[in-house]
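Coordinates in review
Letter by letter, the chains look like this.
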Amino acid sequence: FQIDKYLYHMRLSEETLQEVSQRFGREMEKGLGADTNPTASVKMLPTFVRSTPDGTEDGDFLALDLGGTNFRVLRVKVSDNGLQKVEMENQIYAIPEELMRGSGVQLFDHIAECLANFMEKLKIKDKKLPLGFTFSFPCHQTKLDESILVTWTKGFKCSSVEGKDVVSMLRKSIKKRGDFDIDIVAVVNDTVGTMMTCGYDDHNCEVGLIVGTGTNACYMEEMRHIDLVEGDEGRMCINMEWGAFGDDGVLNDIRTEFDREIDMGSLNPGKQLFEKMISGMYMGELVRLILVKMAKEGLLFGGKLTPDLLTTGHFETRYVSAIEKEKEGLQKAHEILTKLGLEPSHEDCVATHRICQIVSTRSANLCGATLAAVLRRIKENKGLDRLRSTVGVDGSVYKKHPHFARRLHKTVRKLLPDCEIRFVRSEDGSGKGAAMVTAVAYRLAAQHKARQKILEALKLSHEQLLEVKQRMRIEMEKGLGKETHTEATVKMLPTYVCSTPDGTEKGDFLALDLGGTNFRVLLVRVRNGMRRGVEMHNKIYSIPVEIMQGTGEELFDHIVHCISDFLEYMGMKGVSLPLGFTFSFPCQQNNLDEGILLKWTKGFKATGCEGEDVVNLLKEAIHRREEFDLDVVAVVNDTVGTMMTCGYEDPYCEVGLIVGTGSNACYMEERRNVELVEGEEGRMCVNMEWGAFGDNGCLDDIRTEFDLAVDELSLNPGKQRFEKMISGMYLGEIVRNILMDFTKRGLLFRGRISERLKTREIFETKFLSQIESDCLALLQVRSILQHLGLETTCDDSIIVKEVCTVVARRAAQLCGAGMAAVVDKIRENRGLDFLKVTVGVDGTLYKLHPHFSTVMHETVKQLSPKCEVTFLQSEDGSGKGAALITAVACRIREAGQR
């Protein structure tokens, strides 16, 4: 009891431990921040290890372990044939005293010689094996295979190594010999090795902890929080160097006089203060200092001291473990104290036992407090309520002390009640661990290479894009020519829209918009002069399936019924207004107010309409109702509407583009080039129907196996091939097919194809936009994938994001190549060296995808350097656009009448 009172300051309450944990969390933040790192005591060093094992590692590896007076060479065979197993052979070599103090070159020559000896023995000198190098000294790492020694510790003093990269020194020594070659892949700190060794058996392992002579920890941190390394994708293991916690004074209030005394007598006063309260190198010494002080005060051994008890280092840490053993503890205490020349009473032995208990418990508690901070951080990084994680542990104190591990686990559970933490003892982190880091690096590199090779086919060069532009131009000419039009794939349909708005349009117009399961009626008021602008009112009506698939009369009667309802709703019954009809189905136009339906699409099947003029069908239905009369002025395609809406804002707008579910474009062509229509003067807007570009096979050399797969399973195989490479309806499917291919090859999702991944259309295009959005952390990418029923790791998320990027980028580039062909044709039509033109654009892919528009704009700029192209987002081309076409037609008609 009196001991507990005497050592009151060493017994830390749960509140104190919580406080230490919070402080440590703040120190971690400091170490990670670019501005705060230079002054932070916990250095949080990036290790460039970006991934833990997934169990599919495979191959033959070497490892080198240098961290003390001995060093080891190992050969580690990792095999994955369903039974993960690791075979190891190793050899220990001594480092003579004179080498530890000699020159760096001598040291590395010696290491190279031992390596050669080892390989000779195993008869593997002729192989070029990958090697992992565990180098347990403070280093500054800049790459996985580059590590600059900051200072020697542990009795090493080799000249001219500090400040140099140890890998290149070793490489030089090996090269100088010339009798074998190895590939040094990774330099590893022993803490990281510990995490990786456990990670091979337990994929939840994301923390490594060592409590031995010294103490340190590492864990997987999100790249976005690591200021010292470029990039925000994925994770990286951080070597915390946590022994230095408190070096800036943050632990002064809980350090005791004994801690201060130990620090003053150490080789590095003021440094590694946290380590000095915890690790094996100091635990026995702390007990000795307490015994000495209490004996001096007459509280122990009848006030008697012996020379042995007064000698630094004579109470070893292994004594603490021995004395705390359940059964023979007190007897051990008696033996040890006697060996130190004392004559202990039973009470002295009990007291010594209690002192050991208090010192080692404090050590376990402090260690648990900092570990809890690390785990809490991982939990917050992942945005979880409950964290399930594994800590790989090594070190003599953890492994040999009878109660340390149990107390450590208990503290962590107390401080983090909402987490399930498993502790796994690591076997040989510095040997096997180094080989594991190498094996993972090898696997990642091989998989990355395999994926890049597959994605290569989707990456288009400048030359290929130029070629696409030229082919589009050829197809455009075919569609325009009278002779070639019938077999042309890009139809280049005349729209009879011969002028864009000039700003003098005015009046009230009705617009109808029929292009899907909904149908809109709009009233558009166009004003000119000072109050120039457009005011719109609209109402949406649904079209029941039975009407979509009934007779044409029923469909058009329903449409007229909706118009009647709208006019009543607007209080305009009986008014006769000019009307524009956006009819987004394939039509052949022979006049602005005549559109012959070629074929129904999008689920419409109304009988008696194909081959008929839709304007007549509408007029007949109006007459059947005998309620109002309307002047149908124009039938409009939504692409043309898009161009007209922007043309009202910008007189340079002479091109319309839609990139949404589908894709299409239109532009103002010289009338003389539109051979299907009489007349040479002026211009006419041509609806290109460019989605069908490539249907004659002219794009086959750039279509990939994934495009073929998507086309085969679509509703219209062989048709709209260009559209299938660029529009929103298909991009998700291309991505899904690539992901399936990757998974089949074991390059993704650990080779497991889920049923969800086999399901068509699960990858909506909106997911592509979300996944690629820059502000989105990979966490959210993971949750999108989980929502799709795909269990993913962090690495998987990066890969999915990359696939999305490649597919969307290609789409934007192809779209840009098509656009470049259009603007250059306009430029050449007019015999200009330089053309300034605006493109009106609409469509969800263009508007919502974070990078599509940028990439497309860049492509047009590169492929058509003689054009200055501005892109303007259109608002409601199918509604407002139809009304504007009607307004322009009315303006021209009135001018003609005048």
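So, on to the overall build of the protein. Looking only at helices and strands, one finds 29 helices and 26 strands in the protein. At 39 Å, the protein has a C-alpha radius of gyration far larger than the 29 Å of a compact globule built from 898 residues. Along the longest, intermediate and shortest principal axes, the C-alpha atoms of the protein span 125 × 65 × 50 Å. Split into buried and exposed, the 898 residues of the protein put 58% on the buried side. Contacts spanning at least 24 positions in sequence make up 70% of the contacts within the protein whose residues lie at least 6 apart. In the form shown here, the protein has an accessible surface area of approximately 37,400 Å², with 50% of it arising from carbon and sulfur atoms.

Okay, the sheet that holds strand β25 (residues 835-842) next. Strands sit in the order β14-β24-β23-β22-β25-β26 across an open sheet of 6 strands; the sheet is mixed. Since the sheet does not close on itself, it has two edges, and those belong to β14 (493-494) and β26 (867-873), each with one partner. Here strand β22 (residues 653-659) pairs with β25 via 5 bridges, running parallel. In the sheet register, glycine 656 faces β25, and the bridge partner there is glycine 840.

Here we come to the packing of aromatic side chains. Tallied over the entire structure, the rule returns 22 aromatic pairs. Here the aromatic rings of phenylalanine 585 and phenylalanine 604 are separated by 5.1 Å at their centres, their planes lie at 70°, and the arrangement is edge-to-face. In this pair, phenylalanine 585 sits in the loop between β18 (578-583) and β19 (587-591) while phenylalanine 604 sits in the loop between β20 (594-597) and α19 (614-625), placing the two residues 19 residues apart along the sequence. The exposure class of phenylalanine 604 is buried, given its relative accessible area of 4%. Joined through ring pairs, the aromatic side chains of Phe133, Phe135, Phe137, Trp152 and Phe156 make up one cluster. The lysine or arginine in question, lysine 539, covers the ring of tyrosine 569, its NZ or CZ lying 4.6 Å from the ring centre. Between lysine 836 and the ring centre of tyrosine 652, over which it is positioned, the NZ or CZ distance is 5.1 Å.

It is worth spelling out the pairing of strand β24 (residues 683-687) at this point. Most of β24 sits out of view: 4 of its 5 residues are buried. Summarising the sheet, β14 and β24 pair through 2 bridges and their orientation is antiparallel. Following the sheet pairing, proline 494 is matched in β24 by valine 686. By the bridge criterion, 5 bridges tie strand β23 (residues 663-670) to β24 in an arrangement that is antiparallel. Residue pairing in the sheet places methionine 668 in a bridge with cysteine 685 of β24.

What follows concerns the layout of surface pockets. When its volume is computed, the second largest pocket comes out at roughly 1,800 Å³. Around the second largest pocket, the lining is made up of 50 residues, and of these Thr601, Lys602, Gly662, Gln720 and Glu723 lie nearest the centre. Contributing elements (two or more residues each) for the lining of the second largest pocket: α20 (638-649), β23, α23 (728-744) and α27 (844-848). Classifying every residue of the lining of the second largest pocket by side-chain character gives 13 nonpolar, 21 polar and 16 charged.

This model, assessed by the stated rule, comprises 3 cavities of 30 Å³ or more. The space that makes up the largest cavity amounts to roughly 150 Å³. Lining the largest cavity are 16 residues, and of these Cys139, Gln141, Val188, Asn189 and Asn239 sit closest to its centre. Counting residues per element, the ones that place at least two in the lining of the largest cavity are β1 (45-46), β6 (139-143) and β8 (183-188). Broken down by element, the residue count for the lining of the largest cavity peaks at 3 residues, all from β6.

This part takes up the packing of helix α2 (residues 14-32) against helix α12 (residues 346-382). At a minimum axis separation of 8 Å, α2 and α12 run at an interaxial angle of 55°. As judged from the angle between their axes, α2 and α12 are oblique. Of the two elements, α2 crosses α12, and the hand of that crossing is right-handed. Judged by residue contacts, Leu17, Gln18, Val20, Ser21, Gln22, Phe24, Gly25, Met28, Glu29 and Leu32 of α2 engage Asn365, Leu366, Ala369, Thr370, Ala372, Ala373, Val374, Arg376 and Arg377 from α12.

Summed over all chains, the structure comprises 74 salt bridges. Ionic pairing is found between arginine 625 and glutamate 627, a salt bridge with its closest N-O pair at 3.0 Å. For aspartate 741, the salt bridge identified is with arginine 745, shortest N-O distance 2.9 Å. Owing to a relative accessible area of 13%, aspartate 741 belongs among the buried residues under this scheme. Here the residues in one salt-bridge network are Lys469, Arg473, Glu477, Asp824, Arg827 and Glu828, joined through shared partners.

The next subject is the sheet that holds strand β11 (residues 235-239). Strands sit in the order β1-β11-β10-β9-β12-β13 across an open sheet of 6 strands; the sheet is mixed. The open sheet has two edge strands, β1 and β13 (419-425), and neither has a second partner. Direction of pairing for β1 relative to β11: antiparallel, over a ladder of 2 bridges. For proline 46, the partnering residue across the bridge sits in β11 and is isoleucine 238.

Right, let's talk about the confidence of the model for the protein for a bit. Parts of the model with low pLDDT should not have their predicted coordinates read in detail. Chain-level statistics for the protein give a pLDDT mean of 89 and a share of 98% at 70 or above. No element of the protein has a lower mean pLDDT than helix α25 (residues 778-787), which averages 75, and none a higher one than helix α16 (residues 462-480), which averages 97.

Quick look at the state of the cysteines now. Summed over all chains, the structure comprises 0 disulfides. Cysteine 114 carries a free sulfur, and the closest cysteine sulfur to it, the one in cysteine 158, is 13 Å from it. Of all cysteine sulfurs, the one in cysteine 205 lies closest to cysteine 198, which takes part in no disulfide; the gap is 5.0 Å. Given the relative accessible area of 2%, cysteine 198 is considered buried.

Let us now look at the pairing of β11. Side-chain direction in a regular strand flips from residue to residue, so the side chains alternate between the two faces of the sheet. Counting buried residues along β11, 5 of its 5 residues qualify, which places the element largely inside the surrounding structure. Taking every second residue as pointing to the same face, both faces of β11 are buried, with Arg235, Cys237 and Asn239 on one and Met236 and Ile238 on the other.

Here we come to unusual backbone geometry. Backbone geometry at serine 160 places phi at a positive 45°, although glycine is not the residue there. By the element assignment, serine 160 lies in the loop between β7 (146-149) and α5 (166-177). With phi around 55°, glutamine 720 is a residue other than glycine that occupies positive phi space. Mapped onto the elements, glutamine 720 comes out in the loop between α21 (705-712) and α22 (721-726).

The next thing to look at is the environment of leucine 768. Of note, leucine 768 is situated in helix α24 (residues 765-772). The exposure class of leucine 768 is buried, given its relative accessible area of 0%. Counting along the chain gives 577 residues from leucine 768 to threonine 191, while the straight-line C-alpha distance between them is 38 Å. Apart from residues no more than four positions distant in its own chain, leucine 768 is found in contact with Leu731, Gly732, Val735, Phe763, Cys804 and His849.

Calculation notes
Residues numbered from 1 in each chain as written. Predicted model: local features only at pLDDT ≥ 70, side-chain atom pairs only at ≥ 80, totals over all residues. Heavy atoms only, no water. Helix = DSSP H or I, 4+ residues; strand = E, 2+ residues; numbered from the N terminus. Rg over C-alpha atoms; globule rule 2.2 N^0.38 Å. Buried < 20%, exposed > 50% of the residue type's maximum accessible area, 1.4 Å probe, protein only. Contact = heavy atoms within 4.5 Å. Areas by Shrake-Rupley, 256 points an atom, 1.4 Å probe, with all protein chains shown as cover. Pairing = 2+ DSSP bridges. Phe/Tyr/Trp six-rings, centres within 6.5 Å; stacked < 30°, edge-to-face > 60°. Lys NZ or Arg CZ within 6 Å of the ring centre and 35° of its normal. 1 Å grid on protein atoms, 1.4 Å probe; cavity = no way out; pocket = protein on both sides within 12 Å on 5 of 7 lines; lining within 4 Å. Points joined across faces, edges and corners; volume = space filled by probe spheres on them. Nonpolar A, V, L, I, M, F, W, Y, C, P; charged D, E, K, R; others polar. Axes fitted to C-alpha atoms, helices over the stretch in contact; angles between N-to-C directions. Parallel < 35°, antiparallel > 145°, perpendicular 65-115°, else oblique. Left-handed = near helix turned anticlockwise from the far one by under 90°. Salt bridge = Lys/Arg side-chain N within 4 Å of Asp/Glu carboxyl O. pLDDT = per-residue confidence, 0-100. Disulfide = S-S within 2.5 Å.

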